[in-house]
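Structural overview
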Amino acid sequence: MTYPFKLWFAATCAWLGSLQFGFHLGVLNTCLSYTSTDLGITEAKGGAVVTSVLLVSAAVGGFFAGQVADAIGPRRTLLWNNVPFFAGSLMSAITPDGSTGFWAMLLGRFLAGLGVGTASLVVPRYLVEIAPTPIRGALGTVSQLFVCVGILIAFAIGLPYDGKEAFMHLAQHQIAWWRVMFAIGLAPATLQAIGMSTCPESPIWLEWKGHTEAAWRAKGQLQGQNPPALPQVTNLGAIHFGNVEKQETTTFVEEGHGATVPFRGAGEEVFSSSEAGSSHLDDEELSGEGEWSDLVQRRYRRMMVLAVSLPLLQQASGINSITFYSSSVFTRAGLSSPIIGSIIVGCVNVAGTGVAAYLMDKTGRRPLLIASHAGMAIFLISISLAKFLPLSKTLEGYISLVAILGSVMLFSLGVGPIPWLYLSEILPERIKGRAAALCTCLNWLASLVIGLIFPVMLELLDINGSYLVFAALNAAAVVFAYTFMVETKGRSLQRIMHLLLDSHTD
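Presented here is a report on the structure given in the accompanying data block. (Residues numbered from 1 in each chain as written. Predicted model: local features only at pLDDT ≥ 70, side-chain atom pairs only at ≥ 80, totals over all residues. Heavy atoms only, no water.)

1. Considerations on the overall build of the chain
Heads up, the rule is: Only DSSP runs of H or I reaching four residues or more are called helices, and only runs of E reaching two or more are called strands; each is numbered from the N terminus. Note on classification: 1.4 Å probe, protein chains only; a residue is buried when its accessible area is under 20% of the maximum for its type, exposed when over 50%, partly exposed between these limits. Residue contacts follow a heavy-atom distance rule, with two residues in contact if any of their heavy atoms lie within 4.5 Å.
When you go through the chain residue by residue, the secondary structure sums to 21 helices and five strands. Counting across all 506 residues of the chain, residues that qualify as buried make up 58%. Long-range contacts, defined here as pairs at least 24 residues apart, represent 80% of the contacts in the chain between residues at least 6 apart.

2. Focus on the pattern of salt bridges
Keep this limit in mind: Salt bridge criterion: a side-chain nitrogen from Lys or Arg within 4 Å of a carboxyl oxygen from Asp or Glu.
Counted according to the given criterion, the structure contains 11 salt bridges. The shortest N-O distance in the salt bridge between Arg125 and Glu429 comes to 3.1 Å. Here Glu429 lies in helix 20 (residues 429–484) and Arg125 lies in helix 6 (residues 99–130), a separation of 304 residues in the sequence. Taking relative accessible area as the criterion, Glu429 reaches 0% and is therefore assigned buried. When salt bridges with common partners are traced through the structure, they connect Asp70, Arg125, Glu129, Glu429 and Lys432 into a single cluster.

3. As for the packing of aromatic side chains
Our working rule: Ring pairs shown here join Phe, Tyr and Trp side chains whose ring centres sit within 6.5 Å, with only the six-membered ring taken for Trp; geometry is labelled stacked below 30 degrees between planes, edge-to-face above 60, and tilted in between. Sitting over a ring, as applied to charges here, requires NZ of Lys or CZ of Arg to be within 6 Å of the ring centre and within 35 degrees of the ring normal.
Applying the stated criterion to the full structure yields 11 aromatic pairs. Judged by centre distance (5.5 Å) and plane angle (10°), the ring pair of Phe63 and Trp292 falls under stacked. Taken as a pair, Phe63 in helix 3 (residues 46–72) and Trp292 in the loop between helix 13 (283–286) and helix 14 (301–316) lie far apart in primary sequence, 229 residues in all. Clustering of aromatic rings is evident, with ring pairs tying together Phe63, Phe64 and Trp292. Positioned above the aromatic ring of Trp208 is the side chain of Lys209, whose terminal nitrogen or guanidinium carbon lies 4.7 Å from the ring centre.

4. Examining helix 20
Since one α-helical turn is 3.6 residues long, residues separated by three or four positions face the same way. This is how it is decided: Multiplying one less than the number of residues by 1.5 Å gives the expected span of a helix. The angle between axes fitted to the seven-residue stretch ending at a residue and the seven-residue stretch beginning at it gives the bend at that residue.
For helix 20, which comprises 56 residues, the first-to-last C-alpha distance of 22 Å sits more than 12% below the rise-based estimate of 82 Å (1.5 Å per residue). Approximately 110° is the largest bend angle found in helix 20, and it occurs at Leu461.

From the geometry alone we can't say anything about function, so treat these as descriptive.
Encoded structure:
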């Protein structure tokens with residue numbers, strides 16, 4: 001089916017937020033040693049602080065982003081999120097040399113981190129809320145693809161630092177190349193700010209806030225349904241805008257010979273008023289502003305267990321340790337350039353996420369996530385066995401190389417994109433802002449904690465034992481996903497909510 005240009009334009013503008021997310025995560029990877037030298041700090045200590053502050057501020061940004069999006073809408077949140085992205089890039093690019101520059105760099109990275117944390121939460125939410133059901137998974141997964149592209153761009157523009165210091169000459173001035181790298185981040189921030197200013201707001205958010213006519217118009221722009229007037233509303237069920245969080249009315253439109261059917265997006269299932277009624281959900285549960293105390297209420301228990309656990313299991317998959325180890329694997333395979341090695345890993349990540357975008361609405365979230373965690377566990381065990389067994393160094397190197405690239409590919413097929421997509425699909429509007437904020441904050445804090453404890457694991461367990469620990473965690477994730485996940489492929493957000501609130505299993 002063909003969808004309106006406005007849908008693809010709005011999705012592309014949102015994806016620019018994911019691109020910036022990935023860019024700021026990867027931009028220091030290739031230039032940290034040169035940046036540290038110019039700022040008068042050691043790479044081991046000061047550089048680690050500069051790197052870590054982004055994760056801390058991302059947790060802060062993610063924690064507040066959900067409530068901001070609830071208050072002003074996902075579109076406006078993404079629009080204004082370009083302020084910290086732009087300011088962070090500019091501050092990092094023009095920071096002076098020396099100790100003063102170190103503090104300015106910290107401020108710049110903190111601002112960029114606020115943007116990263118906000119984008120990680122709000123981009124998937126906006127995409128899920130504007131997308132027709134048949135392509136909702138693909139649009140959400142392409143968001144992760146743009147994260148990978150942003151990381152890859154950050155690695156690629158660091159190529160001038162491959163084995164030497166690099167500069168750009170401008171008007172008889174010599175400018176350190178790392179400053180140019182940060183300045184490049186100004187471009188996507190400017191483009192997204194311009195683009196998002198012309199995009200429709202989320203129809204789900206508009207309807208939740210009581211702006212029914214505006215929601216109808218937005219859905220018409222995004223999904224090609226633009227009737228000349230609002231249809232007659234009858235008190236028979238629940239408003240069906242693709243994701244219905246209010247138990248109020250069902251909107252009906254005439255469909256020949258006086259028959260009526262629910263107004264719905266292309267490919268969405270019809271959700272009957274009797275089925276809606278069977279969930280015993282009322283206005284108090286699904287409309288209005290939620291409170292933090294709602295997150296621990298029994299009716300949301302299954303949603304919250306899934307929403308909290310999947311992002312944490314993503315961090316526990318060991319992907320950061322895999323990329324850490326990849327440089328030594330590439331060296332043993334005869335590749336001396338760590339930058340080229342990072343680019344190869346980035347290319348595999350992009351390719352795998354592209355495949356995931358194609359499969360997401362065909363295979364489904366649950367089987368992809370299970371296969372992804374299971375495959376990562378197998379590859380991590382393979383790396384450990386290659387080092388334990390009496391193999392030649394050459395054979396061990398090739399096995400490790402295949403296992404590293406296979407782990408990255410498997411991560412990008414499911415563990416990488418699905419938690420963020422799934423989070424936006426399973427949470428009702430009443431608790432979405434606060435619940436997503438909590439989960440996003442925990443995810444970034446988990447990333448920081450694992451980064452801090454991994455060196456300790458290496459010292460105590462060596463790389464073999466460390467990878468066996470992560471393999472066991474991936475195996476546990478397989479059991480968790482198989483036991484608790486509800487498949488969301490091809491289901492309206494209302495149907496997903498009904499299944500989870502009523503604790504059905506599918």
